[in-house]
Amino acid sequence: MRTGFQELTVHRILAFVAVLALFAVAPHAHAEADRVSYFHDITIGEGEQADDAVCLFCSIRNDGEIRSDAVTILGSVHSNGQISGDAVSILGSLRLGEDAHVGGDSVAVLGQLRYRSGQIGGEAVELPVVLALIPLALLALLVWAIRALVRGSRSPYSMPRWR
C-alpha cells in the first residue's frame, strides 16, 4: 500500500520524465533541415542543403548550400559551396575552396582562415594561436614575481642553534 508521500514522489517522477520527453522531441520538430553533430563529421554533398550546421568536436565539409550559419568548436570548416550566413571555427581552421562563398562574416578563433578575395561578403577575422599565449605568459610572469617575493623575504642562511 502506498502512502501519500510515495504517490506524490511517483507523480513527480512521471512529470519529470514527461518534460524530458517533450524537450527531446521539440528540437527535432522545429529544425528539420539543421545539421547538428557531436564527435561525428557533417558532410553536405553537392545538391544538398541545410539551414544551419553546428559541429562540436568534429568538422563540417560543405559542397552544397548552407542557408544560414556554419559553426564548429574544436573542428574545422571546409567549404566548396555556398554559406549564406556566417562561418565560425573555434580552435580549428576555416578553409574556403575555389567555388566557395560566405554571405556573412568568417571567423577563425585560435585557428587559420584561408580564403581568396571576394569570397567573403562580411568581415574576415582571424585570431591566431599566438594571442592565447599572451595571457599564459602574463600568468607565468605573475607566478614568478610572487615566488621571487616570497623567497626574497626568507633569510638565505639558517640561524645557528645555541646549546
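Residues numbered from 1 in each chain as written. Predicted model: local features only at pLDDT ≥ 70, side-chain atom pairs only at ≥ 80, totals over all residues. Heavy atoms only, no water.

Caption draft 1: Geometry of the sheet that holds strand 11 (residues 94-96). Here five strands make up an open sheet; going across it, the order is 2-5-8-11-14 and the pairing parallel. A strand with exactly one partner marks an edge of an open sheet, and here the two such strands are strand 2 (42-44) and strand 14 (113-114). Judged from the three bridges that link them, strand 2 and strand 5 (residues 60-62) form a sheet pairing that is parallel. Residue Ile44 lies in a different strand from strand 5, and its bridge partner there is Asn62. (Pairing = 2+ DSSP bridges. Helix = DSSP H or I, 4+ residues; strand = E, 2+ residues; numbered from the N terminus.)

Caption draft 2: Geometry of the state of the cysteines. Evaluation of the coordinates by the stated rule reveals one disulfide. Residue Cys55 pairs covalently with Cys58 via a disulfide, S to S 1.7 Å. Taking the sign of the torsion about the S-S bond as the criterion, the disulfide between Cys55 and Cys58, at about -125 degrees, is left-handed. For the residue pair Cys55 and Cys58, the accessibility class agrees, reading buried in each case. (Disulfide = S-S within 2.5 Å. Buried < 20%, exposed > 50% of the residue type's maximum accessible area, 1.4 Å probe, protein only.)

Caption draft 3: Expanded view of the sheet that holds strand 6 (residues 65-66). Taken in spatial order, the four strands make up an open sheet running 3-6-9-12, and their pairing is parallel. Two strands in the sheet have a free side with no partner beyond their single neighbour: strand 3 (49-50) and strand 12 (101-102). In this structure, strand 6 lies alongside strand 9 (residues 82-83), joined through two bridges in parallel fashion. Bridge pairing in strand 9 links Ile66 to Ile83.

Caption draft 4: Region of the structure containing the pairing of strand 13 (residues 106-109). One ladder, built from four bridges, connects strand 10 (residues 87-90) with strand 13; its direction is parallel. Across the sheet, the residue bridging to Val88 is Val107, located in strand 13. Here strand 13 runs beside strand 15 (residues 124-127); their pairing, made up of four bridges, is parallel. Within strand 15, the position partnered with Val109 by the bridge is Leu127.

Caption draft 5: Summary view of the nonpolar core. In terms of nonpolar packing, the biggest core is built from 19 residues, with Ile44, Ile60, Ile66, Ile83 and Leu94 touching the most fellow members. Going through the elements one at a time, strand 2, strand 4 (53-56) and strand 11 are the ones with two or more residues in this core. Among all residues touching Ile66, those that are not within four sequence positions of it are Ile44, Ala50, Asp51, Asp52, Ala53, Ile60, Gln82, Ile83 and Ser84. (Core = buried A, V, L, I, M, F, W, Y, C linked by side-chain atoms within 4.5 Å. Contact = heavy atoms within 4.5 Å.)

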